[in-house]
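# Chain and residue survey
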Amino acid sequence: MIHMVSKPHGGRLVNRVAPERRRARLEEEARELPKIDLPFEHAVDVENIARGVFSPLEGFMVQEDYLSVLYNMRLSDDTPWTIPIVLDVDPEEISGVREGDDVALFYNGSPIALLTVEEVYGWDKKEYAERVYKTTDANHPGVAKTMRRKELLVGGRVDLVNSVPTKFDKYTLWPLETRVLFRERGWRTIVGFQTRNAPHLGHEYVQKAALTFVDGLFINPLVGWKKPGDYRDEVILAAYEALIKHYYPKNVVVLAVLRTSMRYAGPREAVFHAIMRKNFGCTHFIVGRDHAGVGNYYGPYEAWEIFREFPDLGITPLFIREAFYCRKCGGMVNEKICPHGEEHRVRISGTKIRDMLKRGGRPPEYLMRPEVAEVIISFGDPFVGEQDE
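The structure contained in this document is the topic of the report that follows. All values derive from a computational prediction rather than experimental measurement. (Residues numbered from 1 in each chain as written. Predicted model: local features only at pLDDT ≥ 70, side-chain atom pairs only at ≥ 80, totals over all residues. Heavy atoms only, no water.)

This part covers the overall build of the protein chain. Across its full length, the protein chain holds twelve helices and 15 strands. Taken against the 2.2 N^0.38 rule, which gives 21 Å for 389 residues, the C-alpha radius of gyration of the protein chain at 21 Å falls within 12% of a compact globule. Its C-alpha atoms give the protein chain principal-axis dimensions of roughly 70 × 45 × 40 Å. Restricting the contact set of the protein chain to residue pairs at least 6 apart, pairs at least 24 apart contribute 75%. (Helix = DSSP H or I, 4+ residues; strand = E, 2+ residues; numbered from the N terminus. Rg over C-alpha atoms; globule rule 2.2 N^0.38 Å. Contact = heavy atoms within 4.5 Å.)

With that out of the way, let us pick up the side chain of Lys278. By secondary structure assignment, the location of Lys278 is in helix H9 (residues 266-280). Here Lys278 is buried and forms no salt bridge, its nearest opposite-charge partner Asp312 lying at an N-O distance of 8.4 Å. Not counting the four nearest positions on each side in its chain, Lys278 is found in contact with Ser6, Lys7, Pro8, His9, Arg179, Leu313, Gly314 and Ile315. (Buried < 20%, exposed > 50% of the residue type's maximum accessible area, 1.4 Å probe, protein only. Lys, Arg positive; Asp, Glu negative; His and termini not counted. Salt bridge = Lys/Arg side-chain N within 4 Å of Asp/Glu carboxyl O.)

Core analysis: the biggest nonpolar cluster contains 74 residues, and Trp81 and Leu105 have the highest contact counts within it. Counting residues per element, this core draws most heavily on H9, which supplies seven residues. Leaving out residues up to four positions away in the same chain, Trp81 has contacts with His9, Phe54, Ser55, Pro56, Leu57, Met61, Val69, Met73, Arg74, Leu75, Phe272 and Ile275. Grouped together as the second largest cluster of nonpolar side chains are 43 residues, Ala210, Leu211, Val253 and Ile376 included. (Core = buried A, V, L, I, M, F, W, Y, C linked by side-chain atoms within 4.5 Å.)

With antiparallel pairing, three strands are arranged side by side in an open sheet as S14-S13-S15. For this open sheet the edge positions go to strand S14 (331-333) and strand S15 (345-347), each flanked by a neighbour on one side alone. Each adjacent strand pair in this sheet contributes to an overall mean axis angle of 35 degrees, direction not counted. Examined bridge by bridge, strand S13 (residues 324-326) and S14 share three bridges and lie antiparallel to one another. Counted as the bridge partner of Phe324 is Val333 from S14. (Pairing = 2+ DSSP bridges. Axes fitted to C-alpha atoms, helices over the stretch in contact; angles between N-to-C directions.)

Dropping the structure here:
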């Protein structure tokens, strides 16, 4: 018997959203409490915890979970988990705060949540970088970011009082909603697709290969901090709208955003991406070649190999080989199905496509759908710049 939609990670969908009737009172309270001002990425972490995207987490990690994730890639109760979800603070931000105290978490001048402090502890950023990113090289964007973080970590449960404002309301669905939607559509098997790119034909090939044996496709672009040179969030969404409209049957795709930062943590992040999609209700997850990689820090198939360590993950990873255009086959294929030599193959390089678009050129139709290229070009400035850092 195939289950309708997968079980949330850890068995239960977390809900730490304060009920409507308590919200006004909590907001009032928040203004009297010690306060921590959050950057955008921590603010969205709070909401992801509260709305179940990070189930089974109910707050920022205490030291036992933090170290367990760092060294064993599991929470202290043995649930698979690969990326520490931690809140870094300066000592002065929490001076006088004791275990059991509430602090108010503010974003952009407004209270978004209360945090009940369970523990304040120090951390070794180098150790974090070494374990999570497998490098301490400051050229790695994740490492550079880690080294700029504050010196203490505070762990404890959160209660969400207000949502973090978004310009992507139309594309925002939380796990509670996607699970209802998948059920309403009668989908028993759903494949999740993680992306931080506008789609080229290689992406479409992989998605459609997966779609041939599941009921529905959940395209879930990551919106949030990305490195300079990546596509802007609104460009990715508009490009996918064009692709779905022109090249997908009706009602086989759901497009919704995931608000979290790219960590560029390669293999560990691939597992983290799968866990979040499991919480949204996916039964399968497409793992890309060099998934969540950057530079040459990870082997091309390292993100596939790590899944062997998690037979109890509860979501099926799909390892679909990289697609390329074969002039002899006359279409998109991969190494498993194309017998022809390298001279017939046109490899798809996202970097080359971006360079082409930057210069105002159009990628050939066998690399990117013309409707998609059209949308990207229409933005004039489709890429994240250095000044957006």
